[in-house]
Amino acid sequence: MFNPATYDPKQFDAETRRLLRATIEWFEGRGKRQLLADDADAVWTAEFLDFVAKEKLFATFLTPAAYADGDENRRWDAARNAALSEIFGFYGLAYWYAEQVTILGLGPIWQSDNEEAKKRAAADLAEGQVMAFGLSEREHGADIYNTDLVLTPSAPGSDDAEAGILFRANGEKYYIGNGNVASMVSVFSRRADVEGADGYVWFAADSRHENYRLLGNVVHQQMYVSTFRLENYPVRAQDILHTGPEAFSAALNTVNVGKFNLCHGGIGMVEHSFYEAITHANNRILYGNPVTEFPHVRTNFVDAYARIVAMKLFSDRAVDYFRSASLEDRRYLLFNPMTKSKVTSEGETVMTLLLDVLAAKGFEKNTYFAEVARLINTLPRLEGTVHVNVGQILKFMPNYLFNPKEYPEIGTRRDAADDEFFWRQGPARGAGKVQFADWTPAYAKHADIPNVGRFFEQAQALRTLLTTAAPSGDQQKDLDFMLTIGHLFSLVVYGQLILEQAAITGLDRDLLDQIFDFQIRDFNTYATTLYGKPSATPDQQGWAASALRPPVADRARFDRVWAEVASYDGAYEMRP
């Protein structure tokens, strides 16, 4: 568990360690009362961004080495970015969000061939500016295939053409974070004179330009989720980032980079909430006993703790795959939507478990818990819903389960390397062709742990379903039906990376057993859901019933994990 009082990121270089500690100290120095008051009053994060500018925090963490102007500390390093996301989430989603939408805004820029735009972005970051990602629209959401922001070409010989203005942009964007202050807003548009994908264009706009009309914030929160209108906004060659089908790929590849940070932000949120919950409950006397004497309370805490640890194990291991990715190894394309859909959804589950213990206390305005309880459900619904991401995950299922490929072993990646592959991911297609290393050895290696072995049986049973009672053509068109299959598959993938990271970190055997206790229960839930689907065939219903397994109960193991949970009582409390 992340604990600001004892945090020692020794795996990173000296400047990274200094900046991470300085970030923690800024929040702790601001204090809990002020952070909660700012959240309640929806105060824009201006003072935080002043800190970011002073320390050149975003410039150091979000500038690729090629544009670092000789500063050896500036690079795009997914491992330390994940650590920073966890810290931001621990103190407030609004602070995480300011960086998150800056990351998204930078995506089309760093992927482009526009050297002038990239140098401008690096200089702006060094000055403390933030960025924005202008994709979504009120009518179309984040539908990349449709946009009503239109570029009209300048007529040859016109004053605009003579002035170097290639287009005039007109249209509105909606749900655009940082759109109130961003020095560079990456805007997705289409040409008025070109049909289809060839007409797509990404260009950089400046929110301070007179033809950029800020219409307001679409939410009442610290985060500024803007809507804006471009009115005859001049677009020059130096503003163009991508055109044609390449612009489509840039949009998807940017989201690949951006949504990867949601998991660690969510982890930070639930960790802080956990500290508050266990400290309160373990010292709350009800009917003459601490609340935590009640069996159902201990069960909730142990389940919540095991789920938080699993969230961290999976997400930290996914970092290794993302940092080691290449055009020959695109396994990150599966693990990335997993961090988005599965890990963030687990954050919701954790908060529900803890709220069922805290009850009224969980709504009090002097708790960070109440803020997280209000906001935790945003993460599974940003950068594409869970349904969208599970739909992506399904594309990888056949090759993952049935068609393994050998890869070199990927170790822990905490080295101070620049992750330049993020900006050359290539065309956004071919997900169904991506192959994976055999997933079964990770399970077989730990099968002597009772609940790992039992869940391994369920994972193998999923292959049986797909070979003996596979979804029919009509069922494959039924997204509601297929999402249930996708959730079952997600649990198998989730377990693999959990086991890999557990082996790397030497995770306690009891805790790993407890993690797979809930994995079994979750598999049972989705199998039962499949059984009840109106379109499920008798063979599929028979499979669902046969796949159910009870977790292996072990009271002594549970008590040992509970003792670990209870040790967090009073371990951290934010400065007032």
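What counts, and where the lines are drawn
- Residues numbered from 1 in each chain as written.
- Predicted model: local features only at pLDDT ≥ 70, side-chain atom pairs only at ≥ 80, totals over all residues.
- Heavy atoms only, no water.
- Helix = DSSP H or I, 4+ residues; strand = E, 2+ residues; numbered from the N terminus.
- Rg over C-alpha atoms; globule rule 2.2 N^0.38 Å.
- Buried < 20%, exposed > 50% of the residue type's maximum accessible area, 1.4 Å probe, protein only.
- Contact = heavy atoms within 4.5 Å.
- Areas by Shrake-Rupley, 256 points an atom, 1.4 Å probe, with all protein chains shown as cover.
- Lys, Arg positive; Asp, Glu negative; His and termini not counted.
- Charge placed at Lys NZ, Arg CZ, Asp CG, Glu CD.
- Core = buried A, V, L, I, M, F, W, Y, C linked by side-chain atoms within 4.5 Å.
- Expected span 1.5 Å × (residues − 1).
- Domains from an automatic or database assignment.
- Buried area = accessible area lost by both parts, 1.4 Å probe.
- Salt bridge = Lys/Arg side-chain N within 4 Å of Asp/Glu carboxyl O.
- 1 Å grid on protein atoms, 1.4 Å probe; cavity = no way out; pocket = protein on both sides within 12 Å on 5 of 7 lines; lining within 4 Å.
- Points joined across faces, edges and corners; volume = space filled by probe spheres on them.
- Nonpolar A, V, L, I, M, F, W, Y, C, P; charged D, E, K, R; others polar.
- Axes fitted to C-alpha atoms, helices over the stretch in contact; angles between N-to-C directions.
- Parallel < 35°, antiparallel > 145°, perpendicular 65-115°, else oblique.
- Left-handed = near helix turned anticlockwise from the far one by under 90°.

Q: I would appreciate a short explanation of the overall build of the protein in the present structure.
A: Helices and strands together make up the secondary structure of the protein, namely 22 helices and 10 strands. Scaling as 2.2 N^0.38, a compact globule of 576 residues should have a C-alpha radius of gyration of about 25 Å, and the protein matches this with 24 Å. Here the C-alpha coordinates of the protein stretch approximately 80 × 60 × 40 Å along the principal axes. Evaluated residue by residue, the protein yields a buried proportion of 58% over its 576 residues. Sequence separation of at least 24 residues holds for 79% of the intrachain contacts in the protein that already meet a minimum separation of 6. As displayed, the protein has an accessible area near 22,300 Å², and 50% of this comes from carbon and sulfur atoms. Where the 58 positive side-chain charges of the protein centre and where its 76 negative ones centre are 2 Å apart.

Q: Would you explain the nonpolar core in this entry?
A: Most often, soluble globular proteins keep nonpolar side chains buried together rather than apart. Membership of the largest hydrophobic core comes to 172 residues, with the highest contact counts inside it found for Phe-48, Phe-58, Trp-110, Phe-301, Phe-314, Leu-334 and Trp-543. Here the element with the most residues in this core is helix α11 (residues 295-323); it accounts for 16 residues. Non-local contacts of Trp-543, meaning those with residues more than four positions away in its chain, are made with Ala-461, Leu-462, Thr-464, Leu-465, Leu-488, Phe-523, Ala-527 and Leu-530. Residues Val-187, Tyr-212, Leu-230 and Tyr-233 belong to the second largest nonpolar core, which totals 18 residues.

Q: I'm lost on helix α10 (residues 262-281) in this one. Help?
A: An α-helix turns once every 3.6 residues. As a result, residues three or four positions apart point the same way. Counted at 1.5 Å a residue, the expected span for α10 with its 20 residues is 28 Å, and the 28 Å between its end C-alpha atoms agrees. Burial analysis of α10 places 18 of its 20 residues in the buried class, the great majority of the element.

Q: What should I look at first to understand the environment of Asn-3 in this one?
A: Among the secondary structure elements, Asn-3 is positioned in the segment before α1 (14-30). The class for Asn-3 is buried, based on a relative accessible area of 9%. Along the sequence, Asn-3 and Asn-217 sit 214 residues apart, while their C-alpha atoms lie 34 Å from each other. Setting aside residues up to four positions removed in sequence, Asn-3 forms contacts with Tyr-275, Ala-571 and Tyr-572.

Q: Can you help me understand α11 in this one?
A: The end-to-end C-alpha distance of α11 is 43 Å, a good match for the 42 Å that 29 residues give at a rise of 1.5 Å each. The element α11 is largely enclosed, with a buried count of 25 among its 29 residues.

Q: Sorry, what's going on with the domain arrangement of the protein here?
A: What the domain assignment lists for the protein is domain 1 (14-129), domain 2 (132-244) and domain 3 (250-405 + 429-567). With centres defined by C-alpha atoms, the gap from domain 1 to domain 3 works out at 29 Å. In this assembly, 23 residues from domain 1 lie in contact with 32 residues from domain 3. Of the roughly 2,300 Å² buried where domain 1 meets domain 3, counting both sides, 60% is carbon and sulfur surface.

Q: I keep staring at the pattern of salt bridges and nothing clicks. Help me out?
A: Working definition: two side chains of opposite charge can pair if their charged atoms are close together. Enumeration over the complete set of coordinates arrives at 48 salt bridges. Across the pair Asp-206 and Arg-208 runs a salt bridge whose closest N-O atoms are separated by 2.9 Å. Ionic pairing is found between Glu-271 and Lys-312, a salt bridge with its closest N-O pair at 2.9 Å. In this pair, Glu-271 sits in helix α10 while Lys-312 sits in helix α11, placing the two residues 41 residues apart along the sequence. By relative accessible area, which is 18% here, Lys-312 ends up buried. Shared partners join several salt bridges into a network, and the residues in it are Asp-303, Arg-307, Lys-342, Glu-346, Asp-513, Asp-517, Arg-521, Asp-522 and Arg-557.

Q: Even after reading the chapter, I still don't get the layout of surface pockets, so can you show me in this structure?
A: Space left empty within the atom packing is revealed by a probe, the size of a water molecule, rolled over the atoms. Within this model, the second largest pocket holds a volume of roughly 720 Å³. As for the second largest pocket, its lining consists of 29 residues, of which Met-1, Gln-11, Glu-86, Lys-312 and Asp-316 are closest to the centre. Where the lining of the second largest pocket is concerned, the elements lending two or more residues are α5 (78-91), α11 and α19 (479-505). Here the element with the most residues in the lining of the second largest pocket is α11; it accounts for seven residues. When grouped by side-chain class, the residues that make up the lining of the second largest pocket number 17 nonpolar, six polar and six charged. There are two domains that each give the lining of the second largest pocket at least three residues, and those are domain 1 (14-129) and domain 3 (250-405 + 429-567).

Q: For this particular structure, what's the right way to read the packing of α11 against helix α22 (residues 555-566)?
A: For any two helices packed against each other, one specifies the inter-axial angle together with the distance between the axes. Between α11 and α22, the least distance of the axes is 10 Å, while the angle of their chain directions is 75°. With respect to their mutual orientation, α11 and α22 come out roughly perpendicular. Here Arg-298, Thr-299, Phe-301, Val-302 and Tyr-305 of α11 come into contact with α22, specifically with Phe-558, Val-561, Trp-562, Glu-564 and Val-565.

Q: Help me out: how do you make sense of the packing of α11 against helix α12 (residues 332-358) in this one?
A: Orientation of α11 relative to α12, taken along the N-to-C sense of each, is 160°, at an axis distance of 9 Å. One finds that α11 runs roughly antiparallel with respect to α12. In the packing of α11 onto α12, the handedness of the crossing is left-handed. Among the residues making up the contact of α11 with α12, the classes are represented as 17 nonpolar, six polar and four charged.

Q: Got a minute to help me understand unusual backbone geometry in this structure?
A: Peptide bonds are, in most cases, trans, and in most cases residues other than glycine have a negative phi. We note that Ala-42 has phi near 55°; this positive angle belongs to a residue other than glycine. Its location among the elements puts Ala-42 in the loop between α2 (32-40) and α3 (46-55). Even without a glycine there, the phi angle at Ala-359 is positive, about 55°. Relative to the helices and strands, Ala-359 is located in the loop between α12 and α13 (368-375).

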